[in-house]
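Residues per chain, in single letters:
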There are 2 protein chains.
Amino acid sequence: MARIAIDMDNVMADLTQHLLDVYAKEYGEVIDPERMNNVPEGSALPEGVAHYLLRQPGFFRNIPVMAGSQEVVKALTEKHEVFIVSAAMEFPLSLAEKLEWLNEHFPFISWRNIVFCGSKTIVEADYMIDDHDKNLASFKGTPLLFTAPHNLPLTAYQRVNNWEEVAAFFAVNNVEAV
Amino acid sequence: MARIAIDMDNVMADLTQHLLDVYAKEYGEVIDPERMNNVPEGSALPEGVAHYLLRQPGFFRNIPVMAGSQEVVKALTEKHEVFIVSAAMEFPLSLAEKLEWLNEHFPFISWRNIVFCGSKTIVEADYMIDDHDKNLASFKGTPLLFTAPHNLPLTAYQRVNNWEEVAAFFAVNNVEAV
């Protein structure tokens with residue numbers, strides 16, 4: 001059994017898509033998703049807009065679930081010790097919303113296995129699945145970079161492009177005991 | 001510089017006193033604080049009452065600050081990497097309240113250094129200051145048991161009875177680099 005730390009935004013929750021959807025609805029402008037590629041998160045939107053939208057009540061509560069994440073996370077919890085680790089502290093309103101979101105979409109995750117933090121340097125696990133270099137860089141276990149538009153230029157990590165590849169990684173590497 | 005994980009309830013926040021105060025106000029009965037000694041947390045109150053009170057809106061927002069904690073935590077942050085680690089996930093309403101409480105009483109703590117979790121087994125640090133055996137038992141660093149009425153029978157840990165003793169521990173042991 002391995003301990004796996006899994007990020008929420010852009011990993012379990014499709015934050016990028018939600019940002020584009022909410023922007024289109026609020027500002028009446030459709031942004032080509034390709035404009036999100038290879039640039040810092042949110043910077044394809046007019047300056048300050050992503051920052052503003054992320055702080056609106058309900059934003060985090062209504063993010064769509066990332067394709068395939070429910071099935072694969074559930075399968076992982078049956079063989080491993082799974083912790084959901086989200087840098088929620090930067091967005092205080094998101095705390096309750098993220099917990100409600102998890103309870104709705106991932107009801108098989110116990111409150112004991114949820115961590116809302118700021119810096120993830122304090123997290124000890126065997127694997128970390130995350131879309132941000134800043135979270136993976138100091139991690140002492142095996143980092144897995146979950147592909148997101150903003151991290152396409154990164155080459156320093158083993159990459160998983162979707163949840164099928166996460167499932168395959170743990171199956172192919174026969175991760176049982178660590 | 002050492003990394004120190006500090007618990008909130010009964011360590012930075014005087015939960016025991018607050019429970020007695022709120023109980024006296026709501027139920028009109030003053031409980032002798034000594035009845036809290038040597039029994040599981042909250043069990044000196046009629047059955048289910050502590051559980052009920054801890055789930056009321058505002059409970060965690062209004063807990064008094066533990067004597068001496070502000071000065072000593074501030075001094076520790078100047079020499080060490082301090083993380084506030086609270087098992088807040090058990091009480092969903094407490095998430096926002098605990099963050100507001102920290103921002104009011106410990107404004108020098110960055111959101112980057114706050115962790116709200118369930119199980120603390122995932123926390124990696126050099127020292128953990130906590131009042132619960134369940135949190136200290138699996139900790140790989142040096143555990144420090146902060147004295148609380150419910151933990152008086154415990155003998156397995158180095159004990160700190162108050163924040164003066166926490167300050168003395170780090171001074172006497174000359175904790176600089178780990």
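That block above? That's the structure.
Owing to the predicted nature of the structure, the values given are computational and were not obtained by experimental measurement.

(A) Geometry of the overall build of chain A. Summing up its helical and strand segments, chain A has 6 helices and 6 strands in all. For chain A, the sequential pattern of α-helices and β-strands runs β-α-α-α-β-α-β-β-α-β-β-α. Against the compact-globule benchmark of 16 Å for 178 residues, chain A has a radius of gyration of 16 Å, which places it among compact chains. Along the three orthogonal principal directions, the C-alpha set of chain A runs to about 50 × 35 × 30 Å. Across the 178 residues that make up chain A, the buried fraction comes to 52%.

(B) Just the interface of chain B and chain A, in detail. Facing 23 residues of chain B, the contacting portion of chain A comprises 23 residues. Of the roughly 2,200 Å² buried between chain B and chain A on both sides combined, carbon and sulfur atoms contribute 68%. Residue Lys140(B) is joined to Glu124(A) by a salt bridge in which the shortest nitrogen-to-oxygen separation is 3.2 Å. Connecting chain B to chain A are 11 residue pairs in polar contact (both at pLDDT 80 or more). If you list the elements that add at least two residues to the side of chain B that touches chain A, you get strand 2 (81–86), helix 4 (94–105) and strand 3 (114–117) of chain B.

(C) Broad picture of the pattern of salt bridges. All names here are of chain A. For the structure on display, the rule yields 16 salt bridges over all chains. In this structure, Lys74 and Glu78 form a salt bridge, with 3.2 Å as the shortest nitrogen-oxygen distance. Of this pair, Lys74 and Glu78 both sit in helix 3 (residues 69–79), 4 residues apart, which is roughly one turn of the helix. Here Lys120 and Asp130 are joined by a salt bridge, their closest N and O atoms 2.7 Å apart.

(D) Quick look at the relation of the copies chain B and chain A. Rotating chain B by 180° and moving it 0.0 Å along the rotation axis overlays it on chain A with an RMSD of 0.0 Å. Both chain copies can therefore be described as sitting about a two-fold axis. Take the interface residues of chain B: 100% of them recur as interface residues in chain A, which is what a same-surface contact looks like.

Criteria and thresholds
Residues numbered from 1 in each chain as written. Chains lettered and ligands numbered in written order. Predicted model: local features only at pLDDT ≥ 70, side-chain atom pairs only at ≥ 80, totals over all residues. Heavy atoms only, no water. Helix = DSSP H or I, 4+ residues; strand = E, 2+ residues; numbered from the N terminus. Rg over C-alpha atoms; globule rule 2.2 N^0.38 Å. Buried < 20%, exposed > 50% of the residue type's maximum accessible area, 1.4 Å probe, protein only. Contact = heavy atoms within 4.5 Å. Buried area = accessible area lost by both parts, 1.4 Å probe. Salt bridge = Lys/Arg side-chain N within 4 Å of Asp/Glu carboxyl O. Polar contact = N/O pair within 3.5 Å; in protein donor to acceptor, adjacent residues only side chain to side chain. Least-squares fit on C-alpha atoms with pLDDT ≥ 70 in both.

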